[in-house]
Structures are given as structure tokens and as C-alpha cells.
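Chain and residue survey
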Amino acid sequence: MSVWPDAIEAAAMHARSRVAASSCSLPFRGQSWRGTSGAWSGLGLGNSIDFQDHRSYLPGDDPRYIDWSVYARTGNYTMKLYREEVSPRIEIAMDVSASMFADPAKSARSVELLYFCVESALRSGSACVCYAINGRRSVRWPVEAILGYASPELAGDSAEAADPPDISLVPWQQGALRVLISDLLYPGSPERMLSALASQHGRGIILAPWSSTEESPDWDGNVELHDCEAGDVRVQNINPDLLQRYRAAYQRHFELWTDAAQRHAVRVARVGSHVGLAEALMADAFSTGAIEPLH
Amino acid sequence: MSAAELTFGNPAGAWALLGLVVVAAIHLLQRQSRRVTVTTRFLLETLQPVSAHGRRIERIRNSLPLWLQLLIVLIATWILLQPRWLAPDTRQTVVVVLDSSLSMDAFREEIARRLSVELPLLAGAARATNWVVIESDPARPRLYAGPSLDGAMNAVEEWRPRLGSHDIEPVLRLANALAGRGGSVVFVSDREIALPSGIQWLGVGAPIPNVGWLGARVDDVGWTALVRNHDSSPATRTWAVRDADDQIGPQTSVTLQGGETRKLSGLFPDQTDRVTLELSPDRFDADDQLPIVRPAAKELGVAVRSGDRLGPFLERLRSSLADAIAVDENPDLQLVEFDVSAALEIPSASMVFAADPEPRSKLLPGVVVAEDHPLVTNLSWQGLLVRDSQLVRALDGDDVLLWHGDRPLIFLRGRGSDQSLVINFDVSQSNADRIPAFIVLLNRFVDRVRAEKVGFMRANFDVNQPLDVATTPDGSPPVIEGRDDGMLRAPERAGFFTVTEDGVARLEGSAQFADPREAEFHQAASGGSLAATASDLLEQNSRPSSLTPAFLLVLFGVVLGSWWAVERRKVAL
């Protein structure tokens, strides 16, 4: 059974994401980008009006860029250099393992985050490339297919899904804005994933959808815990003490991720699914810099 | 002033305490495991590496909802118990009237058991209770009167019913008077009867099968007895004859259909004047034994003092008297031909027959009228023809029995053993000897003389039958073997007995079960209860706890608190 919403539901989620993208976006401002010609300041030299640097005149240089005030002072011919204007490259990797869709609210929030990122990229005129990752498998996911509300091939598959999403499989481009949409609910150290996000001068952002039933479940007594990704069942007797320790472990898990992300200059934002998308983004993503207001 | 005493109007409310067990069970039992799909199981696996299924029944967890729910049960129980405060000076009298009918003897143990359960219900209705136990036999003394319920129960256990069917109205009036205002009367019987209002019936009985003797007759040949099956179903018993030496004869089986009465007969063993017919015992044993004596009346010595006219008549009369022997000296009774013209004194202890030496031929006119006297009761004097003759003049103290016009035809003179019967006409000039009433009168007088005679007799009686035993005027009071109350009655239980005066036997007799109505148990039934009476008395003697509304409010508050605690627990989870 497909976990991806049908076209009608996806269209509704897209609409909500579009509304959110009208007030906030991925963090493009205040950063230097590489890429094709666009409207954002690039790292290289270009033809924008933003002064970047001086250098000595070399034969063949365009004399229009000679800095005559410097010549007046020094008598040397010096060239003015201006920053290039480029379009940022956005690379979005979405974790489509079963845990992303286990809860209806969380499932909707996950899809909304994808559409938000795509809308944000489109509005900024950025180049956008999307990938779907499920465990150790990843596929390129065309934006047209996303905007056509087609489900990714790997969505909800349980094969090898117990493994964390291996984002090293994604061919990240140098200097791109890398957005990972994942709930981060897998064991193990976050270092490898964060390193992949920050490699090659990439700017990493993690948008982690979460639900209140994960944070504070109503388990009590004997419970059969069916893992949505592994597919097996574990019988567990839950008493209040164990439940209390679980909640603490849940908090610690995300504290570890946050601390590790800071070390790798990756911005992590936990986006709750119990409130509207814009409200959820403002609650945590703004403060971490994962999202910025448009105006 | 002593403090009011706490009691409960509804002790059955204590069953609500079972709610404590229910609450504990609910908190002990774990919910059945449910299946949930999770995304964070890896976190639990780090906390509890080994899967652990909880026990079905777990130790009670100390929680606020648990204690609040237990408190709810306790408060609800207290309210259901209907606590009441007995006024410190409340007193009551409970009169227990035991039906003295002999049929109650079959249920004595059940009666004691039933009363041991029912009477304590009344005990709690007042601070002090005065118990009075009486039986419906008005001749019996009070069985118990005092504050101890144990004493009353002991009296019940020792009591034996003895009467046949009898009127209970007088004892119920007495019981009501003893109970007084605020008291209660309980009538214990083995069958339901209509009682005046205010008297509670307590029935202890059941239809039980019974076969028993009805009675016996003795003649010159032997004895003839009746045995009856009082039940509606066939029954088989065995019977035997026990002689005076306490030797029992062979057992004989008898099978009786439901309601059948059968005649059995036999002889007295040689040289013995008493036997006991014994049936195999059943639950009602009062009619299982039938003692029989060979009757022997007191012998009368009868002398004839005749003249010329009535000699043959008097001799015939003497020879017709039962148990009479002819004597000349010291007779018990004289049959006297009395010459009216001789103007002699009427002899005492005699039957005096007036003889007119010059009888007239004219018949006396007028009608014969009898007085209301036991000697002439129910006797018809129609057809009596008497010729006119000289009279014995009746004196003022004489009891006239029969009048012919204004002429005293037959009268009594004297008292006691000296009394004489005067036939104041010439029987030879009448047809009196052919009138049955005349013969019966003479025999009645002879029986009276026999009864007055101090002598030995043997007879069969019913149990508790009054006895007519002549004793010497200056002798000691007669002693009845088998009775210790001094009453001149046959014993209350079947058996042989002797009446003695100064060690001399005056009477040997048998007391036989005599009331077959007591042997029928078709209508025996149990029923009634004192719970309602106890409740009414308690309400009368106590007031409800004034804190009950407060407890209701507290209960309401605890219920709300328990609900809040449960909801808060859900939210916390």
C-alpha cells in the first residue's frame, strides 16, 4: 500500500506549503553561492554592481573598470572587480522510509516540508535537484514528478529500511544548499551523515518532522511494539518509570543531533506536526537559521 | 447519661465492602497487551534490552486513583449501612410465645436454631431488652424473664410442648400486656394461623410423615388398638408388645396406605394387667407408644335392706350393678325399701325406695319435670307412670331431681359420701323399672358413690386428663407419679402412672396420646421473619446519623477527585 498521499491530498499539502513559502524560505540571503547566472551574489567575479576587489591593470583588461581614483592617488593603473551574480543550487534529499509516514500528521508534515523546499527553491530561481532516499537506496526524483504529485519509487519500502538513510549516496554538488528532510529516528552516531551534508563546502540544513505521539506516547502495561521499518514485533511491559526514561532518551537523542550539527555548521530544525506548517517552521526553524523570513 | 449507641439500620450494606476486592482486582489486573506501530523502538531497546512481558496480575501500584476508589467504597458502605444512634434510655420488652401444641415437639431443634438467628435481630433495636418466654399453655409458668438472650434461648431449648389443640387467645392477650407499648410479641408455631395485629408469627415446621396410635379399647378378651398413617403416602412400620416386665415381643410389620386407619388387637399376657404397644419411631414420637392397662373399677359393697314389697326388685337391682358385691355389713351402698308410714329417718349412703303399704290406684296427674342436675341430664322421663302413694316429705336442704306436678318425685338428701337418693314413689306401683332414664339415674348415682369411695382402681386415661381420685379426708395430698406440678391430672406424656395417698395406691393408670389433630402435619410450615419488626423497632428507638448528608457530600467530592486523578494520569501518559 502506498504511503504517499494521493494527488488530491498532495495538492492540498502543496497549497499549504506554497502559503508558507510566501512568508519564509530557505536561507539564501547573506551567503555567497556558486552557480549559474542568477540573482544572488556569487563567490566569483562577475558583472554585478557589488564591488568585490582591486587588481593591477593587465594588458587587454577592459579600461572601463580602471579605478581612476586610485590612479589619481597612486599613479598606477588599477582594475575594480565586481562580484558575480549566480543562482544557488538547492539539493533536497528526502528520507522516504516508513517512519516518515507512520503517523498521519507526521506524514503530511513530511510531504509539506518537501513542497516547501521545492517552492522556496523555485521562488528564488534556484536550481533544484531532489533525491528520495530509503536506507541504502536513493533515486533522483525529478521536480516535475514532485510537482505532478507522483510518489517516489522508494516511499515506505521496508527492504533494508531499518538502516539509516545513507546520504553519501547522493551526488552532492560543491557549494550547494543541501536540505535533508528526515525525522532522524535511527540509532547510531550522526557524524557520518552530518559530514556528508557539510562536505565540499556544502551548507547543510536538516528539517526533521516530528509528532507528539513519538515524544509522549500513551503506552501503559503490556504493549506489542511493531517497528514500522523493521516490521517485527517486540512485546514490552511499559511502566511509568520506563516511560519516563524513554522520554528522556528521546530528548537526549535530538540533543545529540543538535550538538553534532553545530559542530558541522549544519542547521537542524525540528518541525512539529501538531500545528500549522508556517507556525511550526517559525517555532524552531527560524531560531536555528534553517529558515529565514522573506521580508 | 450514657452516650447514644451506634447501630445500623441495614447491616446487609456491609456486603458493599466487596467493592474493595473489586477495586483491588481492577488495579491488579493488567490490561491486555495492545499493538502499536512505533518509530522509536530503538530508544526502548537501549533502555530495556530484553523484551519483558508483564505479569497478568501485578502487585498493586500505590496510586492516588487506587486510594480514592477504596475510599469511595468505604464511604458508600458506611452510607448503605444506614448508621443510626440508639437513644441511651431505650428499652423494649420482647415476648416470645411458644405454641404448646404437642406437634411442636417434632421441631424443637429447628425452633431453637431459628430463634437463635431471629431474636438477635430484635436485640439491636434498643439499648436494653427484657426477654420474656412463655408458652401458650396457660397452666404452665413463665419459662424465662430477664435481660439475657442466652437465658431466653436456654429456656427455649429446655421447653417441651405438652398440650393438644387449645385456645391461644388468652395467652396472646397476656403477651401483649407483658410487652407493653414499644415492645413486641412473637408467636412461634409450626403452622400459620391468624394472629391479632402487632403479633409477629414465626413458623417453624414442615409436612413430615407420621404413623401413630390413635387409641385402644379393652374388653374381657383383650385389647383392640387403632393405628393410623397420617401422611398421604404409604408407610411401613413395625410394632411390638412390651409387657409389664419390660420384655418386648416379636416385631410385626404393618404397611398402611396414605390416610389409612387399621385395627390391631391382641391379648394381655398372663397375669399381667398392663402392656405397651410400640411402633417403630418416627419424627413425631408422642404417638409411637400406647400404654394400656386392664381396667378395674372400685368394688362396691352393696347391701339390700328390703321389706315385703320391693325385695325382688332390690335384689335384681343389686345384681345388675357392675363391680358390686353383696355384703351385709359395712356396705358402701344400701338399697333400702323405706316404709313411708313408719316415719323413720332416711338412711345415709343409700338408695331409698319409698314403699307404701297401702298403695292407691290413682295415677298421679301432671307432667314429670326434671331439674338441671348432672344425675338427670339428657334423660327423658316421657312415659313414666306413677300411682299416687304416701310421700317422704322433702326437706329444705334436699336437691329435688324430678317433679311430678308439685310433688318431689326423686330427690337427694345429704352430702358427699353420706348422700342418699330418695325415690319418693312406690316403684312397684309404677313402670319406672321399664323407663331407661330411671335405670340410668340409678346407675349414675351408683357411679357417684363409687367415685366417692376411697379405694383402688385401674383405668386408661388421655394424657393430661383430669383425674377423679377419692382420698381420705384427713390424708396427705395424693401423689401422681409422672407429674411434679401437683396437679391431679394424668401425665403429659404417654406412659403408666400411679396415684398414691400416704403410700397406698389409689389409682393405676395409663396416659395415652389423645389428640390426633396434633399428629397431622399437612399444614405444618415455616415462615415469617423478624427483620421487618426489628427494622420498625430500630426506627422507633433510634435516630439517623446527622452526618449522613455530610458523608454524601464527601462521597461526591471523592468521586470527583478520583475522576480528576484518573484524567490527570491519562494526560500525564
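Right, let's walk through the structure included here. Throughout this document, residue positions are counted from 1 along each chain, in the order its sequence is written. Naming scheme: in the order in which they are written, chains are lettered from A and ligands are numbered from 1. The predicted nature of this model means local features are confined to residues of pLDDT at least 70 and side-chain atom pairs, given and counted, to a pLDDT of 80 or more, with totals for whole chains, interfaces and linings taken over all residues. Working from all heavy atoms in the structure, the side-chain values ignore hydrogens and water.

What follows concerns the overall build of chain A. Numbering goes from the N terminus for both helices and strands, where a helix is a DSSP run of H or I of at least four residues and a strand is a run of E of at least two. Summing up its helical and strand segments, chain A has 8 helices and 13 strands in all. In this scheme, a residue with accessible area under 20% of its type's maximum is buried, one over 50% is exposed, and one in between is partly exposed, where area comes from a 1.4 Å probe on protein chains only. Out of the 295 residues in chain A, the part that is buried amounts to 51%. Pairs of residues are marked as contacts when any of their non-hydrogen atoms sit within 4.5 Å. Across chain A, every contact between residues at least 6 apart in sequence was considered, and the portion connecting residues at least 24 apart equals 73%. Residue-level accessible areas treat just the shown protein chains as cover; the underlying method is Shrake-Rupley with a 1.4 Å probe. If you sum the accessible surface of chain A, you get close to 13,100 Å²; carbon and sulfur atoms cover 52% of it.

So, on to the nonpolar core. All names here are of chain A. The term nonpolar core refers to a set of buried residues drawn from Ala, Val, Leu, Ile, Met, Phe, Trp, Tyr and Cys, joined through side-chain atoms within 4.5 Å. Ranked by internal contacts, the top residues of the largest apolar core, which has 43 residues, are I92 and L281. Broken down by element, this core gets its largest block of residues, 9 residues, from helix α3 (residues 104–123). If near-sequence neighbours (up to four positions away) are discounted, L281 is found in contact with A20, C24, L113, F116, V271, F286 and I291. Counting residues in hydrophobic clusters, the runner-up holds 39 residues, among them M193, L225, L242 and W257.

So, on to the sheet that holds strand β12 (residues 252–256) of chain B. Residues and elements named next belong to chain B. Only strands that DSSP links by at least two bridges are regarded as paired with each other. Pairing is antiparallel across the open sheet formed by 4 strands, whose spatial order is β12-β11-β14-β15. Because the sheet does not close on itself, it has two edges, and the strands there are β12 and β15 (289–293). Shown here is a sheet whose adjacent strand axes are inclined to one another by a mean of 25°, direction ignored. As paired strands, strand β11 (residues 235–242) and β12 are joined by 5 bridges and run antiparallel to one another. When the bridges of β12 are listed, W239 appears paired with T252. Note on method: axes are straight lines fitted to C-alpha atoms, helices fitted across the in-contact stretch only, with angles between N-to-C directions ranging 0 to 180 degrees.

All names here are of chain B. Pairing is mixed in the open sheet, where 8 strands are placed in the order β17-β16-β18-β19-β23-β22-β21-β20. Of all strands in the sheet, those with a lone pairing partner are β17 (324–326) and β20 (368–370), marking the two edges. Between one strand axis and the next, the sheet turns by 20° as a mean value, whatever way the strands run. Pairing of strand β18 (residues 333–339) with strand β19 (residues 350–355) involves 6 bridges; the strand directions are parallel. Bridge pairing in β19 links E337 to F353.

The next subject is the packing of helix α4 (residues 108–123) of chain B against helix α5 (residues 149–158) of chain B. All names here are of chain B. Following both chains from N to C, one finds α4 and α5 inclined at 165°, their axes separated by 9 Å at the closest point. Here α5 runs roughly antiparallel to α4, going by the angle between their axes. Remark: the crossing between α4 and α5 carries right-handed chirality. Mapping the contact onto sequence places R108, I111, A112, L115, S116, L119 and P120 in α4 and L149, M153, V156 and E157 in α5. For the contact of α4 with α5, the per-class residue count stands at 8 nonpolar, 1 polar and 2 charged. For classification purposes, an angle smaller than 35 degrees is called roughly parallel, one larger than 145 roughly antiparallel, one from 65 to 115 roughly perpendicular, and anything else oblique. Handedness of a helix crossing follows the sense of rotation of the near helix relative to the far helix, less than a right angle counterclockwise being left-handed and clockwise being right-handed. Lys, Arg, Asp and Glu make up the charged group, whereas Ala, Val, Leu, Ile, Met, Phe, Trp, Tyr, Cys and Pro make up the nonpolar group; the residues left over, Gly among them, are polar.

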